[in-house]
Amino acid sequence: MGKVIGMICVLGGIASFLYSWVLEQKKRHGRLEELIMFLQKSIFAMEEEKVRIIEYFEGYKSRDAVLEDTLKEIAKRLRRNVYPDGQVVWEEVFWEKKADWNYEEETFGMILAAGNGFFGRKRSENLCFLRKSIKQLEMQRDKSKEKDAQERKVWIPVGMLGGIMLMIILI
Amino acid sequence: MKEIINIFPVAMRESLQRISWEGLEEIRVRIGWPAELIYDNRSKWLGNYDTIVDRHGLDEMLNYITGYSAYAMEEELKQGFVTLSGGHRIGVTGHATYDSNGKYGECQVTNIVDIGGLNIRIAHEKKGCAKDIVLLLRNGQSIYNTIFFAAPGVGKTTYLRDAIRILSTGDAVFPGIKCCVVDERSEIAAYHMGKPQNDLGIRADVLDACPKEMGMRMVLRTMSPQIIAVDELGKEEEFHMLEQMRCSGVKVLGTMHAGNLNELFQNQLVKNCIQNGAVERFVELVRLPNGARTFRIYDGQGNLLWEK
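Residues numbered from 1 in each chain as written. Chains lettered and ligands numbered in written order. Predicted model: local features only at pLDDT ≥ 70, side-chain atom pairs only at ≥ 80, totals over all residues.

Asks: Please give an account of the overall build of chain B that cites residues and values.
Replies: Per the secondary structure count, chain B includes 10 helices and 18 strands. The C-alpha radius of gyration of chain B comes to 20 Å, within 12% of the 19 Å expected for a compact globule of 308 residues. Over its C-alpha atoms, taken along the principal directions, chain B stretches across nearly 60 × 45 × 35 Å. Relative to its full complement of 308 residues, chain B shows a buried share of 39%. Counting contacts in chain B only where the partners sit at least 6 residues apart, residues at least 24 apart contribute 60% of the total. (Helix = DSSP H or I, 4+ residues; strand = E, 2+ residues; numbered from the N terminus. Rg over C-alpha atoms; globule rule 2.2 N^0.38 Å. Buried ≥ 20, exposed ≤ 12 C-beta atoms within 10 Å, placed from the backbone. Contact = placed C-beta atoms within 7 Å.)

Asks: Report on the packing of helix 3 (residues 65-79) of chain A against helix 4 (residues 86-96) of chain A, specifying residues and quantitative values.
Replies: In a pair of packed helices, the angle between the axes and the distance between the axes together describe the arrangement. Residues and elements named next belong to chain A. For the pair helix 3 and helix 4, interaxial distance at closest approach is 9 Å and the crossing angle is 140°. The orientation of helix 3 with respect to helix 4, classified from their angle, is oblique. Seen from above, helix 3 lies across helix 4 with right-handed handedness. Between helix 3 and helix 4, the residues in contact are Thr 70, Glu 73, Ile 74, Arg 77 and Leu 78 and Gly 86, Val 89, Trp 90, Val 93 and Phe 94, respectively. Each residue belonging to the contact of helix 3 with helix 4 can be placed in one class, and the counts come to six nonpolar, two polar and two charged. (Axes fitted to C-alpha atoms, helices over the stretch in contact; angles between N-to-C directions. Parallel < 35°, antiparallel > 145°, perpendicular 65-115°, else oblique. Left-handed = near helix turned anticlockwise from the far one by under 90°. Nonpolar A, V, L, I, M, F, W, Y, C, P; charged D, E, K, R; others polar.)

Asks: Which residues make up the pairing of strand 17 (residues 293-299) of chain B, and what are the values?
Replies: Residue and element names in this part refer to chain B. Of the pairings in the sheet, the one linking strand 16 (residues 281-287) to strand 17 comprises seven bridges and is antiparallel in character. Counterpart to Leu 285 in the pairing with strand 17 is Phe 295. Between strand 16 and strand 17, which pair antiparallel and follow one another directly, the connecting turn spans five residues, one of which, Gly 291, has a positive phi of 95°. Bridge count between strand 17 and strand 18 (residues 304-307): three bridges; the pairing is antiparallel. (Pairing = 2+ DSSP bridges.)

Asks: Which residues make up the packing of helix 8 (residues 236-246) of chain B against helix 10 (residues 268-275) of chain B, and what values go with them?
Replies: Residue and element names in this part refer to chain B. Closest axis-to-axis distance for the helix 8/helix 10 pair is 10 Å, and the angle between their directions is 10°. Judged by the angle between their axes, helix 8 and helix 10 are roughly parallel. Of helix 10, the residues touching helix 8 (which contributes Glu 236, Phe 239 and Leu 242) are Leu 269, Asn 272 and Cys 273. Residues that form the contact of helix 8 with helix 10 fall into these classes: four nonpolar, one polar and one charged.

Asks: Lay out the pairing of strand 1 (residues 24-30) of chain B with the relevant residues and their values.
Replies: All names here are of chain B. Looking at chain direction, strand 1 and strand 2 (residues 36-39) are connected through four bridges and run antiparallel. Considered in strand 2, the bridge of Leu 24 is made with Tyr 39. Hairpin connection of strand 1 to strand 2: five residues between the antiparallel strands, including Gly 32 at a positive phi of 90°. Looking at chain direction, strand 1 and strand 6 (residues 108-121) are connected through five bridges and run antiparallel.

Asks: Please set out the nonpolar core residue by residue, giving values where relevant.
Replies: Residue and element names in this part refer to chain B. One finds Ala 163, Ile 164, Val 181, Ile 228 and Ala 229 to be the most contacted residues of the largest nonpolar core, which totals 55 residues. Tallying contributions element by element places helix 6 (residues 156-169) first for this core, with six residues. Ignoring anything within four residues of it in the chain, the contact list for Ala 163 reads Ala 130, Ile 133, Val 134 and Leu 253. If you look at the next biggest cluster of nonpolar residues, it comprises 26 residues, including Ile 7, Phe 8, Leu 118 and Ile 120. (Core = buried A, V, L, I, M, F, W, Y, C linked by C-beta atoms within 7 Å.)

Below you can see the structure in the form of structure tokens.
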């Protein structure tokens, strides 16, 4: 009886570890999707509505709490009127929240550069940057999804096999 | 004055905290020079040479002024001014780019780049300054068609604004009148993000950033105004609308640039208005050497009726 319970615990533990790993991957992809959607909506907001950055960032609603919090923090710092350059604020806040964003260097670099799409003098310049950032992030998202899918194909079976071997050893 | 101090570079704010704001009318910022403070009857430089504004400083100011959204204020910058919260106006100078594809082949400014100077006009709502004038402009329950005129910087818009407020609010003797304000340059109501920064009274409706001639036509059709107020009349089509207003039963309150009555009457458009009776009163505003203001009221033919 004890062995059965032990087996279930080991298998359950490995399965839940693998599940949370896959969930974390999905969350990261979801966050990147939300960021891409934010940049796309920003293009519309700039072109059609001439929104102001501070109010736009403050009022933006997203399904991802990390993105919302990041934008609110950027708006809060901009409101203080002590930063000569808005891009500095964008980078500062994203660096502080790097752990929450949890992307590899290349993707994180693109996210930092996306800020240039908001703080240029001319609308056309901003829109150009935003479109470029969206394209780069979409490519990065697709690459990352493929890479993660490959990893899952390897590590899920390995994890389960490892769990079974551990069970056999314990029995 | 926090909203003004906060648009300056961080390094200059301490100096600005120490200045006297009493009677301050303008702060002029030019690249390579200290900021100039202009009061009623004098001017002085701000601080020492640590308060010289350079290119970076001006870019920093533009970020604060536009809320880091210079792209969203392209239209305002094209017009050469931006309105701040609190009703303060910032005039912008620099290198103008233009094209000549406007109506009738005229040039239209497409942008002002390489901004090199700012003129921050401090908004001073002087409630009650037009009280005596409005009393003398009354004509039954309404007023005479009136133009305020003076040299730049004397306070035409301030008096116009207060007149609108008094007329639209009313008092124990005279009920409030429906006033429609066509505020082409956002100077009268000083709209900032959809909200008027100046008090125009409870019966004032504002059409912001609309060309005067078009705006007067629109409000006449849709807002059933008793008075239409406009600032800085100058174009032929605007005076043409004044003549139309005369036939529609709506009274007009306007302003014009002119140093004195003779200068005003040399303007052909004004002469036409005098001939056809479109303007019934002219109010001349005068700045005295001590900075105080006084006024003279003339009838439609230029005869002096009242002098303070």
